[in-house]
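Here is what each chain is made of, one letter per residue.
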Amino acid sequence: MRTTRALGLGAVGVGIAVLLISSQARLSAQSSGDPAIRIGAGDLGGAVTSANGPEAGVWVIAETSDLPTRFIKIVVTDDRGRYLIPELPKATYSVWVRGYGLVDSPKVRTTPGKFLDLNAVIAPNAAAAAEYYPAIYWYSMLRVPEKSEFPGTGPQGNGIPVALKDQTQWLDVVKTNGCYTCHQLGNKATRAIPKELGDFTNSEAAWGRRIVSGQAMTQMTNNIKRLDPTRAYKLFADWTDRIAAGELPASRPPRPQGIERNVVVTLWDWAGPKDYLHDEISTDKRKPTVNANGLIYGAPEESTDLFPVLDPVNHKATQVKMLVRDPATPSSKQNPMTPSPYWGPDPIWDSQTSMHNPMFDERGRVWFTSRVGAPANPDFCKTGSAHPSAKLFPMEQSNRHLSVYEPKSGKITLIRTCFSTHHLVFAEDANHTLWTSAGGPASGVIGWLNRKMFDETGDEQKSQSWTALILDTNGNGKRDEYVEPDQPVDPTKDKRVVAAFYGIGVNPNDGTVWGTVLGFPGYVIRLNPGANPPATALAEVFEPPLPGYGPRGMDIDRNGVVWTPLSSGHLASFDRRKCKGPLNGPRATGQHCPEGWTLYPYPGPQLANVTDPGSAEASYYAWVDQFDTFGLGRNVPIGTGNANEGLLALVNGKFVVLRVPYPMGFYAKWMDGRIDDPNAGWKGKGLWSTYATRTPFHVEGGKGTTSKVVKFQLRPDPLAR
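Draft legend 1. Up close: the overall build of the chain. A tally of helices and strands in the chain yields 10 helices and 43 strands. For 721 residues, the compact-globule formula gives about 27 Å, and the C-alpha radius of gyration of the chain, at 25 Å, lands near that figure. Judged by the C-alpha coordinates and their principal axes, the chain covers about 80 × 65 × 55 Å. By the burial criterion, 63% of the 721 residues in the chain qualify as buried. Within the chain, contacts between residues at least 6 apart in sequence are counted, and of these 65% link residues at least 24 apart. Within the structure as shown, the chain displays about 25,800 Å² of accessible surface, and the carbon and sulfur contribution to it stands at 52%. One way to put it: in the chain the 76 positive side-chain charges average out to a point 2 Å from where the 70 negative ones average out.

Draft legend 2. Region of the structure containing the environment of A572. With respect to the helices and strands, the residue A572 is situated in strand β35 (residues 570-574). Taking the C-alpha atoms as reference points, A572 and L164, 408 residues apart in sequence, are found 24 Å from one another. Not counting residues within four places of it along the chain, the set of residues in contact with A572 comprises V562, W563, T564, L566, W597, T598 and L599.

Draft legend 3. Local environment of the state of the cysteines. One pass over the full model with this rule turns up 2 disulfides. The disulfide bridge from C381 ends at C418, spanning 2.0 Å between sulfur atoms. The disulfide joining C381 to C418 has a torsion of about -75° about its S-S bond and is therefore left-handed. Linking C381 in the loop between β19 (366-370) and α7 (388-392) with C418 in the loop between β21 (411-415) and β22 (424-426), this pair joins segments that are 37 residues apart in sequence. Residue pairing for C579: its cysteine sulfur links by disulfide to C593, the two sulfurs lying 2.1 Å apart. Its S-S torsion of approximately -100° makes the covalent link between C579 and C593 left-handed. Linking C579 in the loop between β35 and β36 (597-601) with C593 in the loop between β35 and β36, this pair joins segments that are 14 residues apart in sequence. Relative accessible area serves as the criterion here: at 14%, C579 is assigned to the buried category. What makes C593 buried here is its relative accessible area of 2%. For the chain, the disulfide bridges join cysteines in the arrangement 1-2, 3-4, where the cysteines are counted in sequence order. Here C179 stays unpaired: no disulfide links it, and the sulfur of C182, its closest cysteine neighbor, is 11 Å away. Classification of C182 as buried rests on a relative accessible area of 10%.

Draft legend 4. Expanded view of the pairing of β35. Within β35, 5 of the 5 residues are buried, which leaves the element mostly enclosed by the surrounding structure. Both faces of β35 are covered, namely the face carrying H570, A572 and F574 and the face carrying L571 and S573. Taken together, the 5 bridges between β35 and β36 define a ladder with antiparallel strand orientation. Of the residues in β36, the one forming a bridge with F574 is W597.

Draft legend 5. Spatial organisation of the side chain of T473. Checked against the element boundaries, T473 lands in the loop between β26 (470-471) and β27 (482-483). The class of T473 is buried, set by a relative accessible area of 8%. Contacts of T473, omitting those with residues within four sequence positions, involve V489, K493, D494, K495, G585 and P586.

Draft legend 6. Structural context of helix α6 (residues 229-244). If you check α6, its first and last C-alpha atoms are 22 Å apart, about what 16 residues at 1.5 Å a residue would give, namely 22 Å. Within the sequence span of α6, burial applies to R231, A232, Y233, L235, F236, A237, W239, T240, R242 and I243. On its buried face, α6 sits against α2 (135-139), α3 (167-174), α4 (203-211) and α5 (217-225). A positive backbone phi angle near 110° is found at G246, which sits one or two residues after α6.

Draft legend 7. Broad picture of the packing of aromatic side chains. As enumerated under the stated definition, the model contains 35 aromatic pairs in all. Measuring from ring centre to ring centre gives 5.0 Å for W96 and Y662, while their planes differ by 90°; the resulting arrangement is edge-to-face. Taken together, the residues span a long stretch of sequence, with W96 in strand β8 (residues 93-98) and Y662 in the loop between β40 (654-659) and β41 (671-675) at a distance of 566 residues. Three or more aromatic residues joined by ring pairs form one cluster here, namely Y139, Y180, W207, F236, W239 and Y667. R210 extends its terminal NZ or CZ atom over the ring of W207, reaching a point 4.6 Å from the ring centre.

So, how was this worked out
Residues numbered from 1 in each chain as written. Predicted model: local features only at pLDDT ≥ 70, side-chain atom pairs only at ≥ 80, totals over all residues. Heavy atoms only, no water. Helix = DSSP H or I, 4+ residues; strand = E, 2+ residues; numbered from the N terminus. Rg over C-alpha atoms; globule rule 2.2 N^0.38 Å. Buried < 20%, exposed > 50% of the residue type's maximum accessible area, 1.4 Å probe, protein only. Contact = heavy atoms within 4.5 Å. Areas by Shrake-Rupley, 256 points an atom, 1.4 Å probe, with all protein chains shown as cover. Lys, Arg positive; Asp, Glu negative; His and termini not counted. Charge placed at Lys NZ, Arg CZ, Asp CG, Glu CD. Disulfide = S-S within 2.5 Å. Pairing = 2+ DSSP bridges. Expected span 1.5 Å × (residues − 1). Phe/Tyr/Trp six-rings, centres within 6.5 Å; stacked < 30°, edge-to-face > 60°. Lys NZ or Arg CZ within 6 Å of the ring centre and 35° of its normal.

Listed below in structure tokens is the structure:
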């Protein structure tokens, strides 16, 4: 393993100056005389200056509510403070400047086709400037237990559970695989205690009450129990108390630099104010020209059975109701809860379908992992069934299944699977095999659908299969009798492992299926299906070496290299071709190929008293731009910058930060790239994502704020039309 320090492309933080001039923008009928700013009928352009002169690397934001759904477009100024916002739909816009070292300038009302020079407003003090910093700069102020306090000695000792043997295990919980799983930490909503929460004797008690608010209380309390609540509340209370007393982040974010200034960000509102999104999809991952200029679809998980649909050409957002087969299917409305400081005692989530992840196929249909019925499986899944997979490994229950929506007809087809589904991905094979992950590690199987067979027959039983995860422990290259996970290794047999894929990807070169396994230290697993996958599939397991730990979502590039974010604050690659030792046998237990790993520290500061390399970033997922749908090149891995409030693209060992400055609180769990017109240059390409926090009311704007579709485009320069 080698660790590579990936430097951000930004310069050091901007200085904070005193407000010297009044903050008024001026609208003129002519440009400031610079021939480089060429305004078309749908464009806005001009120059941004402050008392310090031209303001480079700041954002100019144009927003309107005149269209069927709210629309926002954002660009960055060049090194001379010039900007050009291209191709705005006909409407009246509010336009203003935001940037690090500034406070927002007054909003100016205008229409496209004009020159608009803007006066930026220098922040009057450091505290005012810090209000615009991404969440990571505030969350990095959290103090965690020192390395010397581990292993924990329990409630009668230092309050750290004895199960936590190392500081890294604590960090794994307060980051990607615990506290950061569903929403952002460090934003305005979480770094302060809302007065609506109630009156408390101290901040520790307030944190104890905050944790149980709303319908996510079970997941929240389960995570905090992994840390010991008393100790955890004390540390989080110390964090918010210091901020309330005026303490500011120790480091400042850099302004966009270099190619980061070429980014154009477009946003549309979609879904309802009580709905949250998990993912969106714009095209077929295998062929990104599918659904060119078409509708964008979202998965609202536990919040609602209405999945959002965006028409980005006509700026219109609608919803479609997903179905269940069994009307008695449980709903998230039944989740235990205590009143929310935002919504009061009434539940806001009501979903039977729990749509988690969508994916396009080559025919333009949208596939979802979604719940079809109650967890108890039908008989064909269970012991005694003649189903080939059930005979080998019967399944008693599954919590989420499959569905497919045909946009042209509006038809929804439900598919009851014996195995639980979470994420899904199509293979590049003759059967268009749909592989699914199960999410949590307790599942123990991986399942798939022969989509060609299902399309031809409609038979959900015959078209699905699954397999247990079996390691080739005896090293003979084939699957044999195996011992169970709780049994000792037998050198003459193989061994089953209790694991399940979370992220999932298919190697386009050999058809092997790869996935990440949650937990500490976590793993990536390679599954070779073999000739008869339920009976022949063999798994290999690979553990990230320290200082890396805690993989979550993952993807794979066209060369077969796996990319995954780590809870340690790294983007990691794993290249199996670099492994030197045997990849099966009794010693192939996970730590046998450190040389296959490379760790790239994410941008942003580390947590306050953590000395290990990495970042306070808690990236949820990684996606690989296999076909250069954005403009940074083929096979560029991109992580969700959940604390950095953007996407983090790794180009030649350095990160390009694609930040979303407005509204603050951008938190993605997925992205994809689409080519609308391969002959249109940058205008025909783009990345698509969505605000995927479970708490859209934490986003700038507060209660009533909706999730948004976000499109990223990369121009050749900041003034390109």
